[in-house]
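Chain residues, written in single-letter form:
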Amino acid sequence: MTGCFSLSEAIERTYKSGFKRSGLRPVTIDLKDGTVVNFWVSKTKPESKPKPNLLLIHGLGATAIWQWYDVARRLSRYFNLYIPDLVFFGGSSTTRPERSDIFQAQTLMRALEAQSVKKFSLVGLSYGGFVGYRMASMYADAVEKVVICCAAVCVEEKDMKAGVFKVSDLDEASKILVPESVKKLRELMGYIFYKPALARLVPTCLLHDFIEHALTRDNMEEKRELIKAIPKDRIISEIPKLKQPTLIIWGEHDQVFPLEMGKRLEKHVGDNGKLVIIKRTGHIFNFEKPKKFIKLLKSFLLETSKPQIPVSNV
């Protein structure tokens, strides 16, 4: 039925108002090759001391505004924020056939260059962590500091068959991660929350509304292709090692990308990286413990000398 109240739409209107109150404005970047990228960006003001630039890259699920609302409100006073919707999310789109994290990284870099952004740090959340890692390795002169959150960058194609993940079939995993039914959304919630029993308490009507108005049914197949492209022909020895200071943040009980993947990434990055584990959280620790997440981001990103990465778990 048309004209019915949508809680998801009401929440999104609230989020947009909050972004605007935080000094953010929506912009659309047309890359003139069939690709368009939507951003929320900080309104720049003449200041005695310019603020550093920070790129926030969302993961799978709803659009960037849903995933970065709390972070953006709390970091907007410290940074010029650039918050894109990745291609196939929100209003960002392409007519090109590429589906790799490399393509997403190249697209974001071109969109930033179109806004005259030359230097920036970045935070990548889940799938956005794959894209952020690619950006940091491909554009090392532009990317200053890196935060990778619950992104199994060092996954290998063989891991899918080795039982590393709860769901070993990639096609089935993509249907859970990009759900088109309430049943699949409940299944996804069971994996991403530290306390999955909460998923059973959400009324079916609200989950259906969330699929229709927040996740949306747009570009579902394309989003699943993004997932399937991640492990294809992927081996650790061919993954570049980052030169930038890198903070890796993981939920202690992540069931999407198990903690072992975070430890593997820390080992791969070497001396430039440090893993911090947020206790009693799952894959979406940014929602479960937002204050701790934001505290970690501020302490790492705002350190002007050599970043003092927290050594203890929180």
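Quantities reported herein were computed from a predicted structural model and do not represent experimental measurements.

Colleague: Can you explain the side chain of Ser-76? Please cite residues and give values.
Modeller: Along the chain, Ser-76 falls in the loop between α3 (69–75) and β4 (80–84). Apart from the residues within four sequence positions on either side, Ser-76 is in contact with Ser-22, Lys-51 and Leu-81.

Colleague: Describe the pairing of strand β7 (residues 143–149), listing the residues and the values that go with them.
Modeller: Along β7, 6 of the 7 residues are buried, which leaves the element largely enclosed by surrounding structure. One ladder, built from 5 bridges, connects strand β6 (residues 120–125) with β7; its direction is parallel. In the strand pairing of β7, Val-123 is matched with Val-147. Taken together, β6, helix α5 (residues 127–138) and β7 constitute a β-α-β crossover, and its handedness is right-handed. Direction of pairing for β7 relative to strand β8 (residues 246–251): parallel, over a ladder of 4 bridges. Looking at the pairing, Cys-149 lines up with Ile-249 of β8.

Colleague: Which residues make up the UniProt feature "domain: AB hydrolase-1" (unreviewed entry) in the protein, and what values go with them?
Modeller: In the numbering used here, UniProt assigns the feature "domain: AB hydrolase-1" (unreviewed entry) to residues 54–294. Across residues 54–294, the secondary structure splits into 41% helix and 15% strand, with the terminal C-alpha atoms separated by 14 Å.

Colleague: Help me get a handle on the nonpolar core, residues and values and all.
Modeller: Formed by 102 residues in total, the largest nonpolar core has its most connected members in Phe-39, Leu-55, Ile-83, Phe-120, Met-135 and Ile-249. Dropping the residues within four chain positions of it, Met-135 is found in contact with Leu-55, Ile-57, Ala-105, Leu-108, Met-109, Leu-112, Phe-120, Leu-122, Ala-140 and Val-143.

Colleague: Describe in detail helix α7 (residues 182–192), supporting the description with residues and values.
Modeller: Restricting attention to buried positions, one finds in α7 the residues Val-182, Lys-184, Leu-185, Leu-188, Met-189, Tyr-191 and Ile-192. Where α7 is buried, its residues touch α6 (170–177), α8 (204–215) and α11 (285–288).

Colleague: If you had to explain the environment of Arg-21 to someone new, which residues and values would you point to?
Modeller: Counting through the fold element by element, Arg-21 comes out in helix α1 (residues 7–21). Note: C-alpha distance between Arg-21 and Arg-217 (196 residues apart in sequence) is 29 Å.

Here is what the cut-offs are and how they apply
- Residues numbered from 1 in each chain as written.
- Predicted model: local features only at pLDDT ≥ 70, side-chain atom pairs only at ≥ 80, totals over all residues.
- Heavy atoms only, no water.
- Helix = DSSP H or I, 4+ residues; strand = E, 2+ residues; numbered from the N terminus.
- Contact = heavy atoms within 4.5 Å.
- Buried < 20%, exposed > 50% of the residue type's maximum accessible area, 1.4 Å probe, protein only.
- Pairing = 2+ DSSP bridges.
- Right-handed = clockwise from strand over helix to strand, strands pointing away.
- UniProt positions renumbered as here; feature names shortened; annotations may be inferred.
- Core = buried A, V, L, I, M, F, W, Y, C linked by side-chain atoms within 4.5 Å.

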